[in-house]
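Residues per chain, in single letters:
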Amino acid sequence: MTPVEVHQGDSPVVLGLPHTGTWLPEDILSALNARGRALSDTDWHIHRLYDGLLPGATTVRATFHRYAIDANRDPSGESLYPGQNTTGLVPLSDFDGEPIWSTAPDAAEIERRRLAYHAPYHAALMAEMERVRDRHGVAILYDCHSIRSHIPFLFEGILPDFNIGTNNGASCDSRIEAATTSVCAAAQGYTHVLNGRFKGGWTTRHYGRPQEGFHAIQMELAQATHLAQETLPFDYDEDRAAPLRVHLKDILTQLADLAPNLQGTS
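Criteria and thresholds
- Residues numbered from 1 in each chain as written.
- Predicted model: local features only at pLDDT ≥ 70, side-chain atom pairs only at ≥ 80, totals over all residues.
- Heavy atoms only, no water.
- 1 Å grid on protein atoms, 1.4 Å probe; cavity = no way out; pocket = protein on both sides within 12 Å on 5 of 7 lines; lining within 4 Å.
- Points joined across faces, edges and corners; volume = space filled by probe spheres on them.
- Helix = DSSP H or I, 4+ residues; strand = E, 2+ residues; numbered from the N terminus.
- Buried < 20%, exposed > 50% of the residue type's maximum accessible area, 1.4 Å probe, protein only.
- Contact = heavy atoms within 4.5 Å.
- Axes fitted to C-alpha atoms, helices over the stretch in contact; angles between N-to-C directions.
- Parallel < 35°, antiparallel > 145°, perpendicular 65-115°, else oblique.
- Left-handed = near helix turned anticlockwise from the far one by under 90°.
- Nonpolar A, V, L, I, M, F, W, Y, C, P; charged D, E, K, R; others polar.
- Phe/Tyr/Trp six-rings, centres within 6.5 Å; stacked < 30°, edge-to-face > 60°.
- Lys NZ or Arg CZ within 6 Å of the ring centre and 35° of its normal.
- Salt bridge = Lys/Arg side-chain N within 4 Å of Asp/Glu carboxyl O.

> Hey, could you go over empty space enclosed by the protein for me, with residue numbers and the actual values?
Across all of its chains, the model carries two cavities of 30 Å³ or more by this definition. Reported here for the largest cavity is a volume of approximately 190 Å³. What lines the largest cavity is a set of 21 residues, among which Arg-66, Arg-73, Phe-95, Phe-198 and Glu-220 lie closest to the centre. Sorting elements by how many residues they give to the lining of the largest cavity places strand β4 (residues 139-147) first, with three residues. If you add up the space inside the second largest cavity, you get close to 30 Å³.

> Lay out the side chain of Asp-41 in plain terms, naming residues and giving numbers.
Within the element layout of this structure, Asp-41 appears in the loop between α2 (34-37) and α3 (46-50). Residue Asp-41 is classed as buried on the basis of its relative accessible area, which comes to 3%. Beyond its immediate sequence surroundings of up to four residues, Asp-41 is in contact with His-65, Arg-66, Tyr-67, Asp-94, Phe-95 and Arg-148.

> Outline the packing of helix α5 (residues 174-186) against helix α7 (residues 238-262), supporting the account with residue identities and numerical values.
Between α5 and α7, whose axes approach to 9 Å, the crossing angle comes to 160 degrees. Classified by the interaxial angle, the pair formed by α5 and α7 is roughly antiparallel. The handedness of the crossing between α5 and α7 comes out as right-handed. Note on element contacts: α7 touches α5 through His-247, Asp-250, Ile-251, Gln-254, Leu-255, Leu-258, Asn-261 and Leu-262, opposite Arg-175, Ile-176, Ala-179, Thr-180, Val-183 and Cys-184. Among the residues forming the contact of α5 with α7, the class breakdown is eight nonpolar, four polar and two charged.

> Can you tell me about the packing of aromatic side chains, naming the residues and giving the values?
Taken as a whole, this structure holds six aromatic pairs when the rule is applied. Judged by centre distance (6.2 Å) and plane angle (75 degrees), the ring pair of Phe-155 and Phe-198 falls under edge-to-face. Of this pair, Phe-155 sits in the loop between β4 and β5 (162-165) while Phe-198 sits in the loop between β6 (192-194) and α6 (202-207), and the two are 43 residues apart along the sequence. This pair shows no difference in class: Phe-155 is buried, exactly as Phe-198 is. Members of the aromatic cluster, each reached through a chain of ring pairs, are Trp-23, Phe-64 and Tyr-117. One Lys or Arg, Arg-197, reaches over the ring of Tyr-81 and ends 4.7 Å from the middle of that ring. Stacked on the ring of Tyr-81, the Lys or Arg Arg-205 has its end atom at 5.1 Å from the ring centre.

> Tell me about the pattern of salt bridges, and name the residues and values.
Counted under the stated rule, the structure contains 17 salt bridges. Here Arg-66 and Asp-70 are joined by a salt bridge, their closest N and O atoms 3.1 Å apart. Of the two residues examined, Arg-66 and Asp-70, each falls in the buried class. Its salt-bridge partner being Asp-237, residue Arg-240 comes within 3.8 Å of it at the nearest N-O pair. Look at Arg-240 and you get partly exposed, because its relative accessible area is 37%. Through salt bridges with shared partners, a single network forms among Arg-35, Asp-41, Asp-94, Asp-96 and Arg-148.

Structure, rendered in structure tokens:
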């Protein structure tokens, strides 16, 4: 199993998919406890949700599960949200704060996983960002995520449907943020927030360098928008997903259309 799947396109938009993979090698799988082996913190069906929405979009997808190592965490292990509950580079607990390992990895094992999984994913993502920027003058990374709507360990109350993260505006041109927020605000029956609980993970913060022609934005979707239930087996719901896909397509299309106007303005 290769740690990353890449499908090259000719659009200025790159879709990052760091958390849809469910593959784990046997040595890592056997070290998880029963709770960990449920893989509940997967971004379930997100690659299916976005499939075909923007013809020509490049996709970079991690095939490994985030319990092996989280491709959206700082490889140094530094927390994305100091002082708040979160999960680390190799999570020791799930999103409910419950332990997931029978045998937790030590520092040497974490480094082995970083080299085997995290580094190849980001090498591939960086290569595609550079290729797209060379072609279009800019590259827009749209990082695709989802999470359960209600997780008291991580946040209070019910999460909005659309959670837009731009590292408080630092990771992309303001027009990218405005276009995305405008679509979400106009989507009837949906709620949204900009730079709320999720301001963008390490990927958004690391690749979002507008002055270099790299723009990045994260979309964290509440799973109630496209799943039949937010518990096992986390089935995809076509009826819920269909209207959501209309809005997501609108976002991606607008971002692609913006790209020519971003050249030379960073």
